[in-house]
Amino acid sequence: MAFSKPTRGAEQQRLLFDRYPAFGFAGLQLKGNQYGDYLDDPVVGAERFREDWGTEPGHVSSLITMNPLDEAGTERLRRMIQFAGAVGSPRVVLCHDVPRDGLEDADLIRFAGELSDHAEEAAVHGVALSLHHHTGEPVMHRRDFEVFFGAVRENTLRLTVDTGHLLRSGVTDIPAILTDFASVLDNIHLKDYKDDEFRLLGQGSVDLQSVLDTIAGLDDGVTLCVDEESRAEIVEGLQVSQDYLTQHLPTTVSRA
């Protein structure tokens, strides 16, 4: 079980790193500004990251990035994958920062091929590449998932499902996405959403209980992460998330 939350500055990041284990979370999925200063030289940067933040593997359970696949974005993704391999992070979660408007099936198929290539490169470094769909990005609607992952090469790119972004995108049958794309699913961002805002767990309109019940039947290799992007402060986000999961997480789902 992982946790993820934006931070402002080193003091908040230190608070997040210090406190997440006390609330029952085994790791963090880091936002871009929480590791971005270390990417210029991925190998040296990995050593500096460990010196600054410690060597606990849970600190880097995944690295999240917003990247297009233009020349600059591709180079940054490659450096990030190298950094992930050097620092011991098993996964890079890519939010494909390209507008959805105007795209056709051919564009999704082309993106699928490009990201399959990047996933194969990542595997050389011992890192999995996982697509994080976002509202307003290429993979947004149910049909986008079908077209895109229908063109992804087998055993390459993985999928991070975000419950809040699905509802925000108008996808209400979230359990169906989890089960129908289970063959590529490796990561779930548990997030609540209501009235155009991401909310603390249990305070939005996402049917989180049905999501948790579905997760209980998925492969043990799928990571569950509370992606806490509400306006709450760090400790409140950790506490409310812990309380919600304690009350609602099926006993068959491990908190490890």
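Residues numbered from 1 in each chain as written. Predicted model: local features only at pLDDT ≥ 70, side-chain atom pairs only at ≥ 80, totals over all residues. Heavy atoms only, no water.

A. Representation of the overall build of the protein chain. Looking only at helices and strands, the protein chain has 9 helices and 10 strands in total. Seen along its three principal axes, the alpha-carbon backbone of the protein chain occupies a region of about 45 × 45 × 30 Å. Surface summary for the protein chain: the accessible area is close to 11100 Å², and the carbon and sulfur share equals 47%. Charge centroids of the protein chain, computed over 23 positive and 43 negative side chains, lie 2 Å from each other. (Helix = DSSP H or I, 4+ residues; strand = E, 2+ residues; numbered from the N terminus. Areas by Shrake-Rupley, 256 points an atom, 1.4 Å probe, with all protein chains shown as cover. Lys, Arg positive; Asp, Glu negative; His and termini not counted. Charge placed at Lys NZ, Arg CZ, Asp CG, Glu CD.)

B. Up close: the sheet that holds strand β2 (residues 27-30). Pairing is parallel around the closed barrel formed by 8 strands, whose spatial order is β1-β2-β3-β4-β5-β6-β7-β10. Averaged over all pairs of adjacent strands, the angle between their axes in this sheet comes to 25 degrees, without regard to strand direction. Relative to strand β5 (residues 128-132), helix α4 (residues 105-124) is tilted by about 150 degrees, and along the sheet it contacts β4 (91-96) and β5. (Pairing = 2+ DSSP bridges. Axes fitted to C-alpha atoms, helices over the stretch in contact; angles between N-to-C directions. Contact = heavy atoms within 4.5 Å.)

C. How the structure looks around the packing of aromatic side chains. This structure, assessed with the given rule, holds 10 aromatic pairs. Relative to Trp 53, the ring of Phe 17 has its centre 5.1 Å away and its plane inclined at 50 degrees; by these criteria the two rings are tilted. In this pair, Phe 17 is assigned in helix α1 (residues 9-19) and Trp 53 in helix α2 (residues 42-53), connecting sequence segments 36 residues apart. Taking the relative accessible area as the measure of exposure, Phe 17 reaches 2% and is therefore buried. Residue class for Trp 53 comes out buried when judged on its relative accessible area of 10%. (Phe/Tyr/Trp six-rings, centres within 6.5 Å; stacked < 30°, edge-to-face > 60°. Buried < 20%, exposed > 50% of the residue type's maximum accessible area, 1.4 Å probe, protein only.)

D. Representation of the pattern of salt bridges. Summed over all chains, the structure comprises 24 salt bridges. With a shortest N-O distance of 3.9 Å, Arg 8 and Glu 233 are connected by a salt bridge. Taken together, the residues Arg 8 in the loop between β1 (2-4) and α1 and Glu 233 in the loop between β10 (223-227) and α9 (234-248) connect sequence positions 225 residues apart. Judged by relative accessible area, which is 61%, Arg 8 ranks as exposed. Owing to a relative accessible area of 46%, Glu 233 belongs among the partly exposed residues under this scheme. Between Asp 227 and Lys 191 there is a salt bridge, with its nearest N and O atoms 3.0 Å apart. With Asp 227 in strand β10 and Lys 191 in the loop between β7 (185-190) and β8 (192-194), this pair connects stretches of sequence that are 36 residues apart. Residue classification places Asp 227 among the buried residues on the basis of a relative accessible area of 2%. When salt bridges that share partners are traced, they join Lys 31, Asp 162, Lys 191, Asp 227 and Glu 229 into one network. (Salt bridge = Lys/Arg side-chain N within 4 Å of Asp/Glu carboxyl O.)

E. A look at the side chain of His 96. With respect to the helices and strands, the residue His 96 is situated in strand β4. His 96 gets classed as buried once you look at its relative accessible area, which sits at 3%. Leave out the neighbours within four places in its chain, and His 96 touches Asn 67, Pro 68, Leu 69, Phe 111, Leu 115, Leu 131, His 132, Glu 137 and Pro 138.

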